[in-house]
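If you want the building blocks of each chain, they are given just below.
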Amino acid sequence: MHLIKDFHAKYIFERRVKRLASELLACLPDQGEVLDVGCGDGRIDALMREARPGLALQGIDIVARPTTHIPVRIFDGQRIPHGDRSFDIVLFIDVLHHTDAPQELLREAIRVARRGILIKDHLVEGLLARKTLRLMDWVGNAPHGIRLPYNYWTRQEWQEACRALRLRPSIWKEAIGLYPRPLSWFFDRHLHFIALLAIEEPEG
C-alpha cells in the first residue's frame, strides 16, 4: 500500500490536480461565487482562484482536514448548509459516485445554485470499465480512509438523471487527459467527463 501511495502521489496526483484545475476553469465564469461540495483540502480550488482572482471559492466536506486552501464547512453529506441560490455555481469533483443518493445531492445543488452545476465524474463505458474505475478509486482514496461505495453511472443513467432534474448540459467534455502515457491508454479512455449543467426553469 505504501509503494502504491507514493507512486500515485508522485506520478498521478499532481498532474491530475493541475489538469482538472485547468479544465474546470474553462467552464467557469470570470467572476462569481463557487461552492465546491466534497472539496477535500481545496487544492484544486486554490489553483483556480490563483489563475482567476475574480472567483470566490469555498467548500464543504464531511471530514475536517487539518489544513485547507479555501474556507471549508463540515456538513452531513446530504443537506448543503447554505441558503437557496447562494452561489453562482455548485461544483462536484469526483464526489457523486461516493454517495448512496447522488440524485438527492444534485437536488440540493439545484436549490443552492443560481446559474448551474459543474461536475467532474465517471462514465461506466467500455470493456472492464467498472473494474478499472474501482481500481482507480481504491488507489486514490483508500489510503485516506474515504468511503468507497463505487456508485458509478452509465451514460444513460446520467442522461436520465439530468432529464428528471431538469438539468441541461451546456458543456460536456470527455477528453480530459488526466493520465500520462502509457497509463492514459488504460485509465483515460471514456471513463471521465466534465459537464456544466444549466438549471432549467420549471414550466408554467
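Here the structure is a predicted model, which is why all the values come from computation and not from measurement.

Caption draft 1: Here's a closer look at the pattern of salt bridges. Counting across every chain of the model gives 17 salt bridges. When the shortest N-O distance is used, the salt bridge between glutamate 23 and lysine 173 registers 2.8 Å. Placement of the pair is glutamate 23 in helix 1 (residues 2-25) and lysine 173 in strand 6 (residues 167-173), with a sequence separation of 150 residues. Given a relative accessible area of 9%, glutamate 23 falls into the buried group. For the salt bridge of arginine 79 with glutamate 108, the shortest nitrogen-to-oxygen distance reads 3.2 Å. Of this pair, arginine 79 sits in the loop between strand 3 (72-74) and strand 4 (87-93) while glutamate 108 sits in helix 3 (residues 102-112), and the two are 29 residues apart along the sequence.

Caption draft 2: Expanded view of helix 5 (residues 155-165). Of all the residues in helix 5, the buried ones are Trp158, Ala161, Cys162 and Leu165. Mapping the buried residues of helix 5 onto a view down its axis gives an arc of 100°, with all of them on the same face. Exposed residues on helix 5 whose side chains face more than 90 degrees from its buried face are Gln156 and Arg163. Trailing helix 5 by a residue or two, arginine 166 shows a phi angle of about 60°, which is positive.

Caption draft 3: A look at the sheet that holds strand 2 (residues 55-61). Here seven strands make up an open sheet; going across it, the order is 3-2-1-4-5-7-6 and the pairing mixed. Of all the strands in the sheet, the pair left with one neighbour each is strand 3 and strand 6. Between one strand and the next, the sheet's axes are offset by a mean angle of 20°, whatever the strand orientation. Both strand 5 (residues 113-122) and strand 7 (residues 192-199) contribute to a ladder of seven bridges, which runs antiparallel. In the sheet register, isoleucine 119 faces strand 7, and the bridge partner there is alanine 195.

Caption draft 4: Representation of unusual backbone geometry. The linkage connecting arginine 181 with the following residue, proline 182, adopts the cis geometry, with an omega of 5°. Phi at arginine 166 is positive, roughly 60°, even though this residue is not glycine. As for its placement among the helices and strands, arginine 166 is situated in the loop between helix 5 and strand 6. Residue arginine 166 is classed as partly exposed on the basis of its relative accessible area, which comes to 30%.

Caption draft 5: Representation of the pairing of strand 5. Among the ten residues that make up strand 5, eight are buried, leaving the element largely enclosed by the rest of the structure. Sheet topology note: the strand 4/strand 5 ladder contains six bridges and is parallel. Bridged to phenylalanine 87 within strand 5 is alanine 113. Taken together, strand 4, helix 3 and strand 5 constitute a β-α-β crossover, and its handedness is right-handed.

Parameters and conventions
- Residues numbered from 1 in each chain as written.
- Predicted model: local features only at pLDDT ≥ 70, side-chain atom pairs only at ≥ 80, totals over all residues.
- Heavy atoms only, no water.
- Salt bridge = Lys/Arg side-chain N within 4 Å of Asp/Glu carboxyl O.
- Helix = DSSP H or I, 4+ residues; strand = E, 2+ residues; numbered from the N terminus.
- Buried < 20%, exposed > 50% of the residue type's maximum accessible area, 1.4 Å probe, protein only.
- Arc of directions from axis to C-beta.
- Pairing = 2+ DSSP bridges.
- Axes fitted to C-alpha atoms, helices over the stretch in contact; angles between N-to-C directions.
- Right-handed = clockwise from strand over helix to strand, strands pointing away.

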